[in-house]
Structures are given as C-alpha cells and as structure tokens.
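# Structural overview for review
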Amino acid sequence: MTIDVEKDAILEEEKKAREEIVRIGKSFFDRGYATGSAGNLSILLSDNKTVIATPTGSCLGTLKSETLSKVTINGDWISGDKPSKEVIFHRAIYQENFEHRAIVHLHCTYLTALSCLENLDTKNAIKPFTPYVVMRVGEIPVVPYYRPGDQMLAHDLGLLSPSYKAFLLANHGPVVTGETLQVAADNLEEMEDAAKLYFILQGSEIRYLTTDEINELKG
Ligand SMILES: O=C(CO)COP(=O)(O)O
Ligand SMILES: [Zn+2]
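Residues numbered from 1 in each chain as written. Chains lettered and ligands numbered in written order. Predicted model: local features only at pLDDT ≥ 70, side-chain atom pairs only at ≥ 80, totals over all residues. Heavy atoms only, no water.

## Here we look at the pairing of strand β2 (residues 50–53)
To keep it simple, the criterion reads: Think of it in three bands: residues with accessible area under 20% of the maximum for their type are buried, residues over 50% are exposed, and the middle band is partly exposed, with areas taken using a 1.4 Å probe on protein chains only. Secondary structure elements follow DSSP: runs of H or I of four or more residues count as helices, runs of E of two or more count as strands, with numbering from the N terminus. A pair of strands is labelled paired if DSSP reports no fewer than 2 bridges between them.
Of the two faces of β2, the one lined by Thr-50 and Ile-52 and the one lined by Val-51 and Ala-53 are each fully buried. Sheet topology note: the strand β1 (residues 40–44)/β2 ladder contains 3 bridges and is antiparallel. Among the inter-strand pairings, Ser-42 is bridged to a residue of β2, identified as Ala-53. Hairpin geometry of β1 and β2 is characterised by an intervening segment of 5 residues between the two adjacent antiparallel strands and by a positive phi of about 60 degrees at Asn-48. Relative to strand β3 (residues 69–72), β2 is paired through 4 bridges, and the arrangement is antiparallel.

Here it is in structure tokens:
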C-alpha cells in the first residue's frame with residue numbers, strides 16, 4: 001500500500017468507528033439502556049494506539065461524531081471534547097489485552113441493581129441459569145466499589161482484562177467488551193436480560209445449569 005492509500009484506510013476506519021459509537025449510543029438511549037449522561041463507549045482502532053471515546057458528561061442519545069474524544073492508548077488527549085472520566089479504565093482494559101476492541105459501560109437498570117446486592121459471588125456475578133451469557137461472555141467478575149473515575153477501577157480492570165470479557169462494578173454497573181462495539185453491545189444486552197430474569201425469578205426456585213451443562217457451552 002502506498003502511504004496515501006494507507007492514510008485513507010485509517011481515516012475511513014476512524015470515520016466508521018465514530019459513526020458506530022453515535023449509532024449504538026442512540027440505540028441504547030432510545031431503548032432506555034442509557035439515561036441522562038451516564039455511561040461511556042469506546043473503540044480501539046487497528047493501530048492499537050488510538051481510542052475513540054464518548055466525551056465526559058455526554059448524553060449517549062445525542063452524540064456527535066465530530067466531537068467524540070480521540071485519545072492515545074497512553075492517555076494523551078488528541079482531539080474532540082474532554083474524554084469520559086472512565087477512559088482511564090477503558091485504556092487499561094485495552095492495554096492489557098488487545099483482543100478487546102470495543103467497550104460499553106452503562107448504568108442500565110437490572111445489572112446496576114444486581115451490582116448493589118450484598119454477598120455477590122465476586123468470581124461470577126450471574127450464576128448461570130440460561131445458556132447465552134455463558135456462551136457470549138463466560139464468567140463476570142465483580143470489581144469492588146470505587147468512586148467513578150477512580151484510578152483503582154483501571155487498576156483492577158487491567159488485572160482482570162486478560163481473562164474476562166465482561167465485569168460488574170459493585171454499586172455502579174457493567175463494563176462489557178467485544179471484538180466490535182456491536183458485539184460488546186449485544187453482550188451487554190444479553191447480560192442485562194439475564195439480570196432482569198434473575199430479579200423476576202426472585203421467590204421462585206431456579207434450576208441453575210449444571211457444571212456439565214456449563215462446560216458444554218464453553219466448548
Ligand atoms: O458512567 C459514567 C461514570 O461512571 C459517566 O462518566 P462520563 O460522563 O465521564 O463518561
Ligand atoms: Zn458509570
């Protein structure tokens with residue numbers, strides 16, 4: 001590839017990433033997964049150095065492609081509005097595992113409710129009772145509570161990043177990764193539905209999947 005063709009491909013990739021963030025942010029907001037200015041989204045570009053992220057305080061329903069934040073994976077703010085205060089943990093997740101290409105963090109109702117329960121199993125927040133969460137994300141470790149934007153969130157998520165695809169921040173909400181932003185969004189929706197079912201099933205005796213059934217899904 002000549003330098004010009006290469007440059008065009010990079011610009012095209014960045015344009016698509018920006019459009020994807022705007023489209024998926026609006027979809028989350030329109031369907032009630034995101035409210036007010038909570039939550040943040042990001043995509044790591046194929047250079048493994050550049051992250052396009054939602055600006056701090058932005059409403060996911062009204063994002064603008066040209067004002068999204070562009071930062072380096074090391075934390076330098078290149079352009080756009082001021083990045084999300086959680087970009088620090090998005091960067092840590094990418095830095096520790098390049099298989100994660102996009103991240104969704106929301107305060108969606110059921111997963112956030114789940115994150116507020118005492119005595120969660122910190123190794124896996126959703127004990128499997130349906131197959132899809134197991135198939136799509138596997139186990140979901142719980143990160144202890146820290147205030148939003150705290151460096152410790154980045155520290156803990158960075159340590160977990162090589163081994164997991166999704167995480168639950170205690171008393172806060174989910175962080176979900178994917179090989180694309182659409183995959184991360186689909187993973188989050190599957191988790192949100194499982195958390196909803198978990199609350200609907202309170203008071204009923206749940207038949208959890210057996211170890212054999214879970215292992216078969218991990219295949
Ligand atoms: O969800 C949020 C904090 O955890 C929102 O923060 P930002 O507006 O800085 O992205
Ligand atoms: Zn948050």
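Resuming the write-up.
## Things to note about the site of ligand 1
Our working rule: Only a single heavy atom is needed: when it lies within 4 Å of a molecule or strand, its residue is near that molecule or strand. Whenever a nitrogen or oxygen atom comes within 3.5 Å of another N or O atom, the pair is scored as a polar contact, on the condition that within protein one atom can donate a hydrogen and the other can accept it, and that pairs from neighbouring residues in sequence are kept only if both atoms are in side chains. Surface exposure here means Shrake-Rupley accessible area, sampled with a 1.4 Å probe, where a residue is shielded only by the protein chains that are shown. All residues other than Ala, Val, Leu, Ile, Met, Phe, Trp, Tyr, Cys, Pro, Asp, Glu, Lys and Arg, Gly among them, are scored as polar; the first ten of these are nonpolar and the last four charged.
Close to ligand 1 lie Ser-37, Gly-39, Asn-40, Thr-56, Gly-57, Ser-84, Lys-85, Glu-86, His-105, His-107, Pro-148 and His-172, which account for all nearby residues. With respect to ligand 1, the side chain of Ser-84 contributes an N or O atom lying 2.7 Å from an oxygen atom. Take His-107: an N or O atom from its side chain is 3.0 Å from an oxygen atom of ligand 1. Protein chains shield 96% of the accessible area of ligand 1, which is 310 Å² for the free molecule. Residue composition of the shell around ligand 1, by class: 1 nonpolar, 9 polar and 2 charged.

## Here's the deal with the UniProt feature "domain: Class II aldolase/adducin N-terminal" (unreviewed entry) in the protein
The line we're drawing: UniProt positions are given in the numbering used here, feature names are shortened, and annotations may be inferred rather than shown by experiment.
Sequence positions flagged by UniProt for "domain: Class II aldolase/adducin N-terminal" (unreviewed entry) are, in local numbering, residues 19–199. Counted over residues 19–199, helix gives 35% and strand 18%. Its end C-alpha atoms are 35 Å apart.

## Description of the pairing of strand β8 (residues 173–178)
Extensive coverage of β8 is indicated by the burial of 6 of its 6 residues. Where strand β5 (residues 102–105) meets β8, 4 bridges bridge the pair, whose relative direction is antiparallel. The residue of β8 that forms the bridge with His-105 is Val-175. Sheet topology note: the strand β7 (residues 166–169)/β8 ladder contains 4 bridges and is antiparallel. Within β8, the position partnered with Leu-169 by the bridge is Gly-173. Hairpin remark: β7 followed by β8, antiparallel, with 3 residues in the connecting loop; positive phi at Asn-171, about 55 degrees.

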